Amino acid sequence: MWFSLWRQTLDLISAARCRACSGPIEPGVADFCERCQGQLALPEGGLQGDQPLLWCALAPYAGSLRALLLRQRPKVDPALITALGIRLHTCCASTLSGALVVPVPSWKRAGNPLPLLVAQALVAASGGAAELAPALLWRTRPTLGQHHLGRSLRRSNLHKAFAALACRDAAPRPLWLVDDILTTGATACAAAEALATAGHAVQGLLALARTPAPGRHRVPAVI
Ligand SMILES: [Zn+2]
């Protein structure tokens, strides 16, 4: 399967249209035009932190990146999300060697498609170094939308909301969760807890964007 994903990645890299504005770009050079690159202002190496779990993100959830991700709500542009996922890979490539990559699942099948798209892009960009494993984690029940809940309500809302397939490896492979946006991290922590309880070696979370919280991230750093 990763071969076809890799093919898609190559097609994407060689496409001559900006993934954000559809304007022309030089083939094989970049996935975003100069203007969009400037507006997105993705920090070199991304952002990393360790609260409330180890994480790596492309950039703060703000400005042009936030606007771009908000535009995905009514209709997702898989090519754009894949391009961002490939960018994310450049920030965390060394951590993905031999790793399992698990997108944070939605309750409904037709839920948020972004985590899976980002996870697929990461695995494709890894050239086979990482393995996509979406079946390891699932939701046990529906939860309330997290957006309007405070931190403690988010935690109780997500208590035992995830379950995971038991790890059968004597030496569990490193496992990275993938989500589109890291906010308080309550969802990521609930998912990580379910996986860890099932014996998996959860390393942390990879996300496109991190809700800015002053003092909570450092730029740049190596994880
Ligand atoms: Zn553009």
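Note on numbering: residues in each chain are counted from 1, in written sequence order. Note on the predicted model: pLDDT of at least 70 is required for a residue's local features to be given, and 80 or more for side-chain atom pairs to be given and counted; whole-chain, interface and lining totals, by contrast, use all residues.

Caption draft 1: Representation of the overall build of the protein. The helix and strand labels rest on DSSP assignments: H or I over at least four residues marks a helix, E over at least two residues marks a strand, and numbering proceeds from the N terminus. A tally of helices and strands in the protein yields seven helices and eight strands. Here the protein holds 223 residues, and the buried ones make up 39% of them. Within the protein, counting contacts between residues at least 6 apart in sequence, those at least 24 apart form 75% of the total. Backbone-placed C-beta atoms define the burial measure: a residue is buried with 20 or more other C-beta atoms within 10 Å of its own, exposed with 12 or fewer, and partly exposed in between. Once C-beta atoms are placed from the backbone, any two residues with those atoms within 7 Å are in contact.

Caption draft 2: View of helix H7 (residues 186–197). For H7, spanning 12 residues, the distance from its first C-alpha to its last is 16 Å, which sits close to the expected 16 Å at 1.5 Å a residue. Turning to H7, its buried residues number three or more, namely Ala186, Thr187, Ala188, Ala190, Ala191, Ala192, Ala194 and Leu195. Elements in contact with the buried residues of H7: strand E5 (137–139), helix H6 (151–157), strand E6 (162–164), strand E7 (174–182) and strand E8 (201–210). Positive backbone phi, approximately 95 degrees, marks Gly199, located one or two places after H7. A helix is expected to span 1.5 Å for every residue after the first.

Caption draft 3: Just the packing of helix H4 (residues 78–92) against helix H5 (residues 114–125), in detail. Packing of H4 against H5 leaves a shortest axis separation of 8 Å and a crossing angle of 50 degrees. By the angle between their directions, the pair H4 and H5 is classed as oblique. When you trace H4 past H5, the crossing you get is right-handed. Facing Pro78, Ile81, Thr82, Gly85, Ile86, Leu88 and His89 of H4, the residues of H5 in contact are Leu114, Leu117, Val118, Ala121, Leu122 and Ala125. Where helices are involved, their axes are fitted lines through C-alpha atoms of the stretch in contact, as for all axes, and angles between N-to-C directions lie from 0 to 180°. Throughout this description, any angle smaller than 35 degrees is read as roughly parallel, any larger than 145 degrees as roughly antiparallel, any in the 65 to 115 degree range as roughly perpendicular, and the remainder as oblique. Crossings are assigned a handedness: left-handed for a near helix turned anticlockwise from the far helix by less than a right angle, right-handed for a clockwise turn.

Caption draft 4: Region of interest: the sheet that holds strand E2 (residues 55–60). Note on pairing: two strands pair once DSSP finds at least 2 bridges between them. The sheet built from six strands is open, its strands ordered E1-E2-E8-E7-E3-E4 with mixed pairing. What marks the edges here is a single partner per strand, and that holds for strand E1 (47–49) and strand E4 (131–132). Looking at chain direction, strand E3 (residues 100–103) and E4 are connected through two bridges and run parallel. Counterpart to Leu100 in the pairing with E4 is Glu131. Against the sheet, helix H3 (residues 63–70) engages E2, E7 and E8, with an angle of about 95 degrees to E8. This element, H4, spans E2 and E8 of the sheet and lies at about 125 degrees to E2.

Caption draft 5: Broad picture of the environment of Thr183. Along the polypeptide, Thr183 turns up in the loop between E7 and H7. Expressed as a C-alpha distance, the spacing of Thr183 and His147, which sit 36 residues apart in the sequence, is 9.2 Å.

Caption draft 6: Layout of H4. End to end, H4 covers 21 Å across 15 residues, agreeing with the expected 21 Å (1.5 Å per residue, within 8%). The buried fraction of H4 is high, at 11 of 15 residues. Of the residues making up H4, those classed as buried are Leu80, Ile81, Thr82, Ala83, Leu84, Gly85, Arg87, Leu88, His89, Cys91 and Cys92.

Caption draft 7: Region of interest: the nonpolar core. Grouped together as the largest cluster of nonpolar side chains are 62 residues, with contacts concentrated most on Ala57, Val101, Val118, Leu122, Leu177, Val178 and Ala191. For this core, the element with the highest residue contribution is H5, accounting for 10 residues. In these notes, a nonpolar core means any group of buried Ala, Val, Leu, Ile, Met, Phe, Trp, Tyr and Cys residues linked to one another through C-beta atoms within 7 Å.

Caption draft 8: Structural view of the pairing of E7. With seven of its nine residues buried, E7 lies for the most part within the structure. As judged from the four bridges shared by E3 and E7, these two strands associate in the parallel manner. By the bridge assignment for E7, Leu100 is matched with Leu175. In this structure, E7 lies alongside E8, joined through eight bridges in parallel fashion. The partner of Leu182 across the bridge, within E8, is Arg210. By convention, a crossover is right-handed whenever its connection, traced from the first strand over the helix to the second and viewed with the strands pointing away, goes clockwise. The parallel pair E7 and E8 is bridged by H7, and the resulting crossover is right-handed.

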